[in-house]
Amino acid sequence: MQLEKRSLMIPKENKIILRILGMIAIACGTAAFINIRENIYQIICWILLIITGFYAVSYYDFIDAAFTAKNAADFYNYNEKDISSKKIEFTEEEFRISDEEHRLMLPKKFINRICIEKKTVFIFTDCENFYYIPKRILSEKQLQIIKEFV
Amino acid sequence: MNETVMRFKNKLKIREYAAGYQLYDLRHGKSKGRVWKSSVFFFIAMAMLFILMMTGFNAAGYPVVTLMLMVCMYMCSYYVYMLPAIAKLKGEHIYKSSRLLSKEYFFEIKKDCFIMKNEHEYLKKYYSGLTDCIETDDIFMLAGGIDNTIIVISKRCLSGEENSELSAFFKREMVKQYRRARGRKKGKKT
């Protein structure tokens, strides 16, 4: 869920810009490493530039994804006891979610957006906060109702 | 017996929610640890400046040192000035994108928990589940719980007596979580 949320929240332009910058750094670093090697100081600089390039290229796909997955696993292990089940309802006009301490009844127009990803359905109440439903607990019919609600 | 201490209505303005979100971000968000992070960059920048000084400020002759100096200066200002401003902007953006935050809430402050409700939402939070209670000149910011809910109470909607009563109550009930943020400088308006 956290990985899907992460891919939803990060703008595509950020990923593209970082990848392009990383590729430029790798290309410049490699070209300089091959052609300009006057002293050890320069060689270290070019190697650092290449490493930075690789870091930038792989940041969103591997490094950040790994940290997100680890943080999510740690969060789940730490808070497992506190995670309570919620009752979720979709009516024609409202989305309702409730547990012992929280009840929310949102009319359609109060929902910012609904994103149906591979494994999770995200219901955003604003640009940042959301509720999620794992797709594995939904039947085809229920998923269809959510799609119609969108 | 869990008796009610206070009851009041509260309606947030955009700047109040933004201020609350900024406080939360400083404690738990991207701005967390900004002081030591900016200090690290500041010291690297000073070291680079020292190297440049030793070379008689020959910036063209030492491009990497000059570049590192500029990057570190930028990162320093990013952590000190830009990140809090970005957090405030994000808070405003969240407020604008939510139809729920601008609604009026009815608060019921009890001995061990508080309830906030309106026609769309009912939320009960125990003080023991909160990680932060920060008071500023304009707001109370309560945060915590598994979903990291940020609750902002505007002082504007309360009378002076209610404000001091609520402040004293939070101070007494949330000894670990309560903090009084520094006030604004005299004459500075937000």
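The numbers attached to residues start from 1 for each chain and follow its sequence in the written order. The lettering of chains begins at A and the numbering of ligands begins at 1, in the order of writing. Local features are withheld for residues below a pLDDT of 70 in this predicted model, meaning they are given only at 70 or higher, and side-chain atom pairs are given and counted only at 80 or more; totals for whole chains, interfaces and linings count all residues. The side-chain numbers reported here are obtained from all heavy atoms of the structure, hydrogens and water having been left aside.

Enquirer: When you look at the overall build of chain A in this model, what are you seeing that I'm missing?
Expert: The helix count covers DSSP runs of H or I at least four residues long, the strand count covers runs of E at least two residues long, and both are numbered beginning at the N terminus. Across its full length, chain A carries 4 helices and 6 strands. Reading chain A from its N terminus to its C terminus gives the helix and strand order α-α-α-β-β-β-β-β-β-α. For chain A, whose C-alpha radius of gyration is 22 Å, the value lies well above the compact-globule estimate of 15 Å for 150 residues. For the C-alpha atoms alone, the extent of chain A along its principal axes is close to 70 × 35 × 25 Å. For every residue, the accessible area obtained with a 1.4 Å probe (protein chains only) is divided by the maximum for its type, and the residue is called buried under 20%, exposed over 50%, and partly exposed between those limits. The buried share of chain A, reckoned over its 150 residues, is 30%. For a compact globule the rule gives 2.2 Å times the number of residues to the power 0.38, and the radius of gyration it is set against comes from C-alpha atoms.

Enquirer: What should I look at first to understand the environment of Met9(A) in this one?
Expert: Residues and elements named next belong to chain A. Locating Met9 in the fold gives a position in helix 1 (residues 2-9). Since its relative accessible area comes to 26%, Met9 is described here as partly exposed. Measuring from C-alpha to C-alpha, the distance between Met9 and Glu128 comes to 8.3 Å, with 119 residues separating the pair along the chain. Excluding anything up to four places from it in sequence, Met9 contacts Arg113, Phe124, Cys127 and Glu128. Contacts between residues were defined by any pair of non-hydrogen atoms, one from each residue, lying within 4.5 Å.

Enquirer: Explain helix 4 (residues 160-173) of chain B here, please?
Expert: One turn of an α-helix holds 3.6 residues; hence residues three or four places apart share an orientation. Over its 14 residues, helix 4 of chain B extends 20 Å from the first C-alpha to the last, a length consistent with the 20 Å expected when each residue adds 1.5 Å. Contact partners of the buried residues in helix 4 of chain B: strand 1 (4-10), strand 2 (105-110), strand 5 (130-135), strand 6 (139-144), strand 7 (149-154) and strand 8 (178-180) of chain B. Given a helix with a known number of residues, its expected span is that number minus one, times 1.5 Å.

Enquirer: Would you mind going over the interface of chain A and chain B with me for this structure?
Expert: Reports often express the size of an interface as the amount of accessible area lost when the parts come together. Listed as interface residues are 21 residues of chain A and, on the opposing side, 19 residues of chain B. When the two sides are added together, the surface that chain A and chain B hide from each other amounts to roughly 1800 Å², 60% of it contributed by carbon and sulfur. By definition, a salt bridge exists where a carboxyl oxygen of Asp or Glu is found within 4 Å of a side-chain nitrogen of Lys or Arg. With a closest N to O distance of 3.3 Å, Lys90(B) and Glu128(A) form a salt bridge. What qualifies as a polar contact is a pair of N or O atoms within 3.5 Å, subject to a donor-acceptor requirement within protein and to the restriction that residues adjacent in sequence count only when both atoms come from side chains. Our enumeration of links across chain A and chain B arrives at 8 residue pairs in polar contact (both at pLDDT 80 or more). Mapped by element, the contributors of at least two residues to the side of chain A that touches chain B are helix 3 (40-79) and strand 3 (102-107) of chain A. Looking at which element gives the most residues to the side of chain A that touches chain B, the answer is strand 3 of chain A, with 6 residues. Here the residues of the side of chain A that touches chain B sort into 10 nonpolar, 5 polar and 6 charged. Any two strands between which DSSP finds at least two bridges are classified as paired. Inspection of the sheet shows strand 3 of chain A paired to strand 4 (residues 121-126) of chain B by 3 bridges, in the antiparallel sense. Within strand 4 of chain B, the position partnered with Arg103(A) by the bridge is Tyr122(B). What counts as buried area is the accessible surface, traced by a 1.4 Å probe, that two parts surrender upon association, with contributions from both included. Here the nonpolar group is Ala, Val, Leu, Ile, Met, Phe, Trp, Tyr, Cys and Pro; Asp, Glu, Lys and Arg are the charged ones; every other residue, Gly included, is treated as polar.

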